[in-house]
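An overview of the molecular structure
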Amino acid sequence: MKNYVIQFLSLLFRTIIFWTLAFSIFVFIRYYAIGAEEGLIVTDYHISDILRYASPLGLLIGILFAIVEFVFDKFLSKNLSLALVLIEKFVIYFIGIILSLNYVFPLVENELNLNLTTEEGWWKTSQIFWIIVGYFLICSIVFSFVKIANDKFGKGVFFNLLLGKYRKPREEKRIFMFLDLQASTTIAEKLGHYNYSELIQDCFYDLNRIVTKYDAEIYQYVGDEAVLSWTYKRGIKNNNCAKLFFHFQDRIKKREKYYLKKYNLVPVFKAGIHGGKLIVTEVGTVKKEIAYHGDVINTSARIQGECNKYKELLLSSNILINDLSLSSKYKTEFIGKIELKGKEEKLDISAIRVS
């Protein structure tokens, strides 16, 4: 519950800022650019005046957007198609914007002496009212598009593509985690392909609920395996790269009854983590994406491949463990110098467990 509150407050803050800025831009353009418009009395407005007119609507619509986005994201999106989600959101936003404007518009109109209402005095016939509605519907489409793109490409990746940050290969220091379902072949044979696919969907849905809390990025899904990534700084901060794995375990345990009822089993995941320098670059023109090239990825995958051999759920290179500040809640045990497949030099590997 605490995590939900924090996530909602963060989303609420962002949406209020977004909509306040959006309406500020509208007020600025509208009341500075058309001084000759009939019925409009223009005075010298300052930033404080613009914010005074923009803030009430930004607050109302920001709250509306935060509630709708949070409810759909956390509770409804999983079981609805993207098209249906977009249609339902559009209807809610359309009604919400009209109701919000119906409350704010008369106050602003009277204060600015706009004198734009008709003889009937009814807001439905006010041209500027519907201009504002159209403007905010366009803004809502932009807002939704950016969110969908961010969800599709991963946190921050969409903006990096837009800015061309990785147009040319560049070196970065990152951490990678290869997260894989234990005994996946046996489970697939037991459940059948359809139920097995639903199991993977449920597991990765639970994983997606927590990735943002630990500043993780989903690099890709490969069958029953998820590849997560962090910038090195974010990955070691608060031990994010290790905490995410154990939080994921706890989340599955809390939903144990659900998994037992639907699949007659509780999924268990194993993971390998490692960090270091590698190359990041854009690849492709069709289905363009950010790709990582380097030994760090291969080593992380090989470390995860050793989990079954040593009967451990989380293995890490000592290179990474030495940079973490694991509390007494966690215990590490040195496994040894392991000769990983495809690597000439042996690598020090340790297991990370909860005490």
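Here we summarise the structure given alongside this text. (Residues numbered from 1 in each chain as written. Predicted model: local features only at pLDDT ≥ 70, side-chain atom pairs only at ≥ 80, totals over all residues. Heavy atoms only, no water.)

1. Re the nonpolar core
To be explicit about the condition: What makes a nonpolar core is a set of buried Ala, Val, Leu, Ile, Met, Phe, Trp, Tyr and Cys residues whose side-chain atoms join them at distances within 4.5 Å. Burial classes: relative accessible area under 20% of the type maximum marks a residue as buried, over 50% as exposed, and values in between as partly exposed (1.4 Å probe, protein chains only). Helix and strand assignments follow DSSP, with helices taken as H or I runs no shorter than four residues and strands as E runs no shorter than two, numbered in order from the N terminus.
Among the nonpolar cores identified, the biggest contains 40 residues, and Met177, Leu179, Leu199, Leu207, Leu228 and Leu244 are the most heavily contacted of them. If you list the elements that add at least two residues to this core, you get strand 1 (170–181), helix 6 (184–191), helix 7 (193–208), strand 3 (225–231), helix 9 (240–254), helix 10 (256–263), strand 4 (269–283) and helix 13 (318–321). Counting 24 residues, the second largest nonpolar core, distinct from the first, contains Phe26, Val27, Leu64 and Phe65.

2. So, helix 4 (residues 127–153)
An α-helical turn contains 3.6 residues, so any two residues separated by three or four positions project in the same direction. Keep this limit in mind: Take the number of residues in a helix, subtract one, and multiply by 1.5 Å to get its expected span.
Over its 27 residues, helix 4 extends 39 Å from the first C-alpha to the last, a length consistent with the 39 Å expected when each residue adds 1.5 Å. Within helix 4, the full set of buried residues consists of Ile128, Phe129, Ile132, Val133, Phe136, Leu137, Cys139, Ser140, Phe143, Ser144 and Ala149. Positive phi shows up at Gly154, right after helix 4, with a value of about 105°.

3. A few points about the packing of aromatic side chains
Short version of the rule: Only rings of Phe, Tyr and Trp enter the pairing, Trp through its six-membered ring, and a pair is recorded when the two centres are within 6.5 Å. The plane angle decides the type: under 30 degrees is stacked, over 60 is edge-to-face, the rest tilted. Counted as over-ring charges are cases with an Arg CZ or a Lys NZ within 6 Å of the ring centre that also lie within 35 degrees of the ring normal.
In total, this model carries 20 aromatic pairs according to the counting rule given. Measuring from centroid to centroid gives 5.3 Å for Tyr135 and Phe136, while their planes differ by 90°, and the two rings are edge-to-face. Exposure remark for Phe136: the relative accessible area of 0% places this residue in the buried category. Ring plane angle 80° and centroid distance 5.4 Å describe the contact between Phe245 and Phe246, whose orientation is recorded as edge-to-face. Above the ring of Tyr232, the side-chain terminus of Lys173 is found at 4.3 Å from the ring centroid. Sitting over the face of the ring of Tyr258, Arg255 holds its NZ or CZ atom 4.3 Å from the ring centroid.

4. With respect to the pattern of salt bridges
Under the convention used in this document: Salt bridge, as used here, is a side-chain nitrogen of Lys or Arg placed within 4 Å of a carboxyl oxygen of Asp or Glu.
In total, this model carries 13 salt bridges according to the counting rule given. In this structure, the salt-bridge partner of Arg174 is Glu172, at a minimum N-O distance of 3.1 Å. Of the two residues examined, Arg174 and Glu172, each falls in the buried class. Asp206 serves as the salt-bridge partner of Arg251, at 3.2 Å between the closest nitrogen and oxygen. Residue Arg251 is found in helix 9, and its partner Asp206 is found in helix 7; the two are separated by 45 residues along the sequence. Considered together, Arg251 and Asp206 belong to a single accessibility category, that of buried residues. One salt-bridge network, in which partners are shared between bridges, spans Glu172, Arg174 and Glu217.

5. Digging into the environment of Lys155
Cut-off, in case you're wondering: Contact criterion: two residues are considered in contact whenever any of their non-hydrogen atoms come within 4.5 Å of each other.
Within the fold, Lys155 resides in the loop between helix 4 and helix 5 (157–163). Using a relative accessible area of 37% as the deciding quantity, one classes Lys155 as partly exposed. On a C-alpha basis, the gap between Lys155 and Ile218 in space is 8.1 Å, while along the polypeptide they are 63 residues apart. Residues contacting Lys155, with those up to four places away along its chain left out, are Asn150, Asp215, Glu217 and Arg234.

6. A closer look at unusual backbone geometry
One non-glycine residue, Asp215, lies in the positive phi region at around 55°. Tracing the sequence through the fold places Asp215 in the loop between helix 7 and strand 2 (217–222). Its relative accessible area of 21% is what places Asp215 among the partly exposed residues. In this model, Lys311 sits at a positive phi of 55°, which is unusual for a non-glycine residue. Within the element layout of this structure, Lys311 appears in the loop between helix 12 (307–310) and strand 6 (314–317). Accessibility expressed as a relative area gives 78% for Lys311, which makes it exposed.

7. Quick word on the side chain of Asp224
Defined as follows: His is not counted, nor are the chain ends, whereas Lys and Arg count as positive and Asp and Glu as negative. For the purposes of these results, a polar contact is taken to be a pair of N or O atoms within 3.5 Å, where, inside protein, one atom must be able to donate a hydrogen and its partner to accept one; residues adjacent in sequence count only when each atom of the pair is a side-chain atom.
Structurally, the position occupied by Asp224 is in the loop between strand 2 and strand 3. No salt bridge is formed by the buried Asp224, whose closest oppositely charged neighbour, Lys270, lies at an N-O distance of 7.2 Å. A polar atom in the side chain of Asp224 sits 3.1 Å from the side chain of Ser184. Not counting residues within four places of it along the chain, the set of residues in contact with Asp224 comprises Leu179, Asp180, Leu181, Ser184, Tyr196, Ile200, Phe204 and Phe269.

8. Focus: the pairing of strand 1
Convention followed: We treat two strands as partners when DSSP finds at least two bridges between them.
Within strand 1, 9 of the 12 residues are buried, which leaves it mostly tucked inside the rest of the structure. Sheet analysis places strand 1 next to strand 4, joined by 12 bridges and oriented antiparallel. Residue pairing in the sheet places Leu181 in a bridge with Phe269 of strand 4. Bridge analysis of strand 1 against strand 3 gives 7 bridges, and the strand direction is antiparallel. Bridging from a neighbouring strand, Phe176 pairs with Ser229 of strand 3.

9. A word on helix 7
Its 16 residues place the ends of helix 7 22 Å apart at the C-alpha level, agreeing with the 22 Å of an ideal helix rising 1.5 Å per residue. When we look at burial in helix 7, the residues that qualify are Tyr196, Leu199, Ile200, Asp202, Cys203, Phe204, Tyr205, Asp206 and Leu207.

10. Section: the packing of helix 7 against helix 10
Note the threshold: To obtain an axis, a line is fitted to C-alpha atoms, over the contacting stretch when the element is a helix, and the angle between two such axes runs from 0 to 180 degrees between their N-to-C directions. Working definition: roughly parallel below 35 degrees, roughly antiparallel above 145 degrees, roughly perpendicular at 65 to 115 degrees, and oblique for all remaining angles. All residues other than Ala, Val, Leu, Ile, Met, Phe, Trp, Tyr, Cys, Pro, Asp, Glu, Lys and Arg, Gly among them, are scored as polar; the first ten of these are nonpolar and the last four charged.
Between helix 7 and helix 10, the least distance of the axes is 11 Å, while the angle of their chain directions is 170°. As summarised for this structure, helix 7 and helix 10 are arranged roughly antiparallel, according to the angle between their axes. Here helix 7 contributes Asn195, Glu198, Leu199, Asp202, Cys203 and Asp206 to the contact with helix 10, which in turn contributes Tyr258, Tyr259, Lys262 and Tyr263. Its residues assigned to classes, the contact of helix 7 with helix 10 comprises 5 nonpolar, 1 polar and 4 charged.

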